[in-house]
Amino acid sequence: MRPGRDYWAWLGGAVSSELGSTVMAFAIIWTATGLGGTTAGLVATSIVFCRAVLLLGGGSLGDRFGPRQVMLVCDTSMLFVTSLAAIWFGVRGPSAASLVVVGCLLGVASAFYLPAAGVFPRLFVSDDQLARIMATTSSGLQLARIAGPAIGGALLAWIGLSWLVALNSVSFLVIVVVVLLVVPPRAARAPDTPQVGLRQAWHGLREAGGHRTLVPLMLALAALVAGTAPATMLLFPLLCRGNGWSSSSAGLMEAAFMTAALAVGLTVAARGALERAQVPLIGGPLLACAGLALAAGAPTVWVACVAAGAVGLGLVVFNAHAVPRILSASPDGSQVRIQAVLNLAVTLPTLALSTLYGVVAQHASASWALVGAAAWAFAASVLMAVSRAWRTERSLTASTVLSTGPDA
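Quick caveat: nothing in here was measured; it's all calculated off a predicted structure.

Caption draft 1: Focus on the overall build of the protein. Of the regular secondary structure elements, the protein holds 12 helices and 0 strands. Going residue by residue from the N terminus, the α and β elements of the protein occur as α-α-α-α-α-α-α-α-α-α-α-α. Looking at the 408 residues of the protein, the share that counts as buried comes to 53%. Contacts in the protein between residues at least 24 apart in sequence constitute 88% of all its contacts with a sequence separation of at least 6. With an accessible surface of roughly 17,500 Å², the protein has 69% of that area assigned to carbon and sulfur atoms.

Take a look at the structure:
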């Protein structure tokens, strides 16, 4: 089963909403920087912290009520939040307290929305199309994330924060209408699947043998993100500053990372995933490790850009083959919860290690911090190399059969 018009309609609305959210997040954090570094840090941390605390709860609600229903509630809530925030910023102006409150609300909404949205594309295709549909979805959202900061900077200077937030509320209105109209051909769970807790879901996963696939993949993904996410957000700019390179050099490194990541995503979307799993699941982290190590000792900006591109290639090569396998191995009634755990595995390393990397960069150098990041990427490769559960897997095979029906 291939994606039909409903999927493309949803993807268009999702990209529009993601673009609006990225623009708004950039504008809020940029406005916070004008109130001081402490305020900016509080706003940025409030988004990630609230998301991390509530992710598992969001996954449980997604399995209980269905991802489509949870997405509708989240998007409708954010429509009201952004409308009220636009009025507040227009009348009272931004303050540290109001920016932190909006950041917390963004984090809360994303905690419930992200697990549901991660499962939703799966409901439009059969399991043999999972890799392509996930790569197509992530590529579209990645384009929005790439364009968001530039558009946000231009709009903030042109129309101001209040009107920018009001414009974002329109994007939430669009996705609410789209999700109301779109009904996936498959259901997130069988009608007779009981609602179970996380412990029961884990026992069911063990009985089906899915934990042998899920646990190594999630641990490897967490280790890989521990090395790559803080590097792209924090260490690449610190490396440029430490080497006396300009801020545009940091932008070039970020662009090289994003371009390489997008190229892999589009390739997988067009041609599908590789049949032999061990090549990308071991080789992807190794390539990211090599890129991080090369960046640590890069003598010029252009070498650093090549290194950043290698990190982007390695990360997305791994993700494009790991994430569909995680989804296909998720048992009925627990798919959104598994997606929540997956998002938590991506969020916690960034939250926990960013400060540590910053301390190492300040007291030693950004190069030494990048060496530490490369060690995490290498650990991800080792984890996959010593795991035997997936070695004989040559194609995506769902551990459960999803039922058809409108209860998405």
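Alright, that's what it looks like, and here's the rest.
Caption draft 2: Looking closely at the nonpolar core. Ranked by size, the top nonpolar core spans 99 residues in total, and within it Trp10 and Leu370 carry the most contacts. Here this core gets 15 residues from one element, more than from any other, and that element is helix H7 (residues 211-242). Each residue touching Trp10, except ones within four places of it in the same chain, is listed here: Met71, Ala117, Phe120, Pro121, Phe124, Thr137, Ile175, Val178, Val179 and Val182. Counting residues in hydrophobic clusters, the runner-up holds 7 residues, among them Ala135, Ala261, Ala269 and Ala320.

Caption draft 3: Looking closely at helix H12 (residues 366-386). Between the first and last C-alpha of H12 there are 31 Å, a value that for 21 residues agrees with the 30 Å anticipated at 1.5 Å per step. Where H12 is concerned, the buried positions are Ala366, Ala369, Leu370, Ala373, Ala374, Ala377, Ala380, Ser381 and Met384. Along the axis of H12, the buried residues cluster in a sector spanning 150°; they form a single face. Away from its buried face by more than 90 degrees, H12 exposes Trp368 and Val386.

Caption draft 4: Focus on the packing of aromatic side chains. A complete count under the given rule lists 6 aromatic pairs for this structure. Measuring from centroid to centroid gives 6.2 Å for Tyr7 and Trp10, while their planes differ by 40°, and the two rings are tilted. Of the two residues, Tyr7 and Trp10 are both situated in helix H1 (residues 5-33); the distance of 3 residues between them amounts to about one turn of the helix. By the burial criterion, Tyr7 is buried, and Trp10 matches it. An aromatic cluster is present here, built from Tyr7, Trp8, Trp10, Phe120 and Phe124 joined pairwise through their rings.

Caption draft 5: Spatial organisation of a nonpolar patch on the surface. Residues Phe49, Val53, Leu348 and Leu351 make up a contiguous nonpolar surface patch of about 340 Å² in total accessible area. Residue class for Leu348 comes out partly exposed when judged on its relative accessible area of 40%.

Caption draft 6: Main features of helix H3 (residues 67-91). For H3, with 25 residues, the first-to-last C-alpha span of 36 Å sits near the 36 Å given by 1.5 Å per residue. One or two positions beyond H3, positive phi appears at Gly93, with a value near 85°.

Caption draft 7: Focus on the confidence of the model for the protein. Chain-level statistics for the protein give a pLDDT mean of 78 and a share of 81% at 70 or above. Within the model, the stretch residues 190-197 combines pLDDT values under 50 with 13 contacts to residues more than four positions away or in other chains. Counted against residues more than four places away or in other chains, residues 394-408, with its pLDDT under 50, gives 56 contacts.

Caption draft 8: Representation of the side chain of Ser46. Relative to the helices and strands, Ser46 resides in helix H2 (residues 37-65). A residue is classified by how much of its surface remains accessible, and Ser46, at 8% relative accessible area, is buried. In contact with Ser46, other than residues within four places in its own chain, are Val100, Gly103 and Cys104.

Caption draft 9: Highlighting the side chain of Ser98. Mapped onto the elements of the fold, Ser98 is located in helix H4 (residues 96-119). Polar side-chain contacts of Ser98 include one of 2.9 Å to the backbone nitrogen of Ser95. Among all residues touching Ser98, those that are not within four sequence positions of it are Trp88, Phe89 and Gly93.

Rules used in this analysis
Residues numbered from 1 in each chain as written. Predicted model: local features only at pLDDT ≥ 70, side-chain atom pairs only at ≥ 80, totals over all residues. Heavy atoms only, no water. Helix = DSSP H or I, 4+ residues; strand = E, 2+ residues; numbered from the N terminus. Buried < 20%, exposed > 50% of the residue type's maximum accessible area, 1.4 Å probe, protein only. Contact = heavy atoms within 4.5 Å. Areas by Shrake-Rupley, 256 points an atom, 1.4 Å probe, with all protein chains shown as cover. Core = buried A, V, L, I, M, F, W, Y, C linked by side-chain atoms within 4.5 Å. Expected span 1.5 Å × (residues − 1). Arc of directions from axis to C-beta. Phe/Tyr/Trp six-rings, centres within 6.5 Å; stacked < 30°, edge-to-face > 60°. Patch = residues over 30% accessible without salt bridge, like charges linked within 9 Å, V, L, I, M, F, W, Y side chains within 5 Å. Salt bridge = Lys/Arg side-chain N within 4 Å of Asp/Glu carboxyl O. pLDDT = per-residue confidence, 0-100. Polar contact = N/O pair within 3.5 Å; in protein donor to acceptor, adjacent residues only side chain to side chain.

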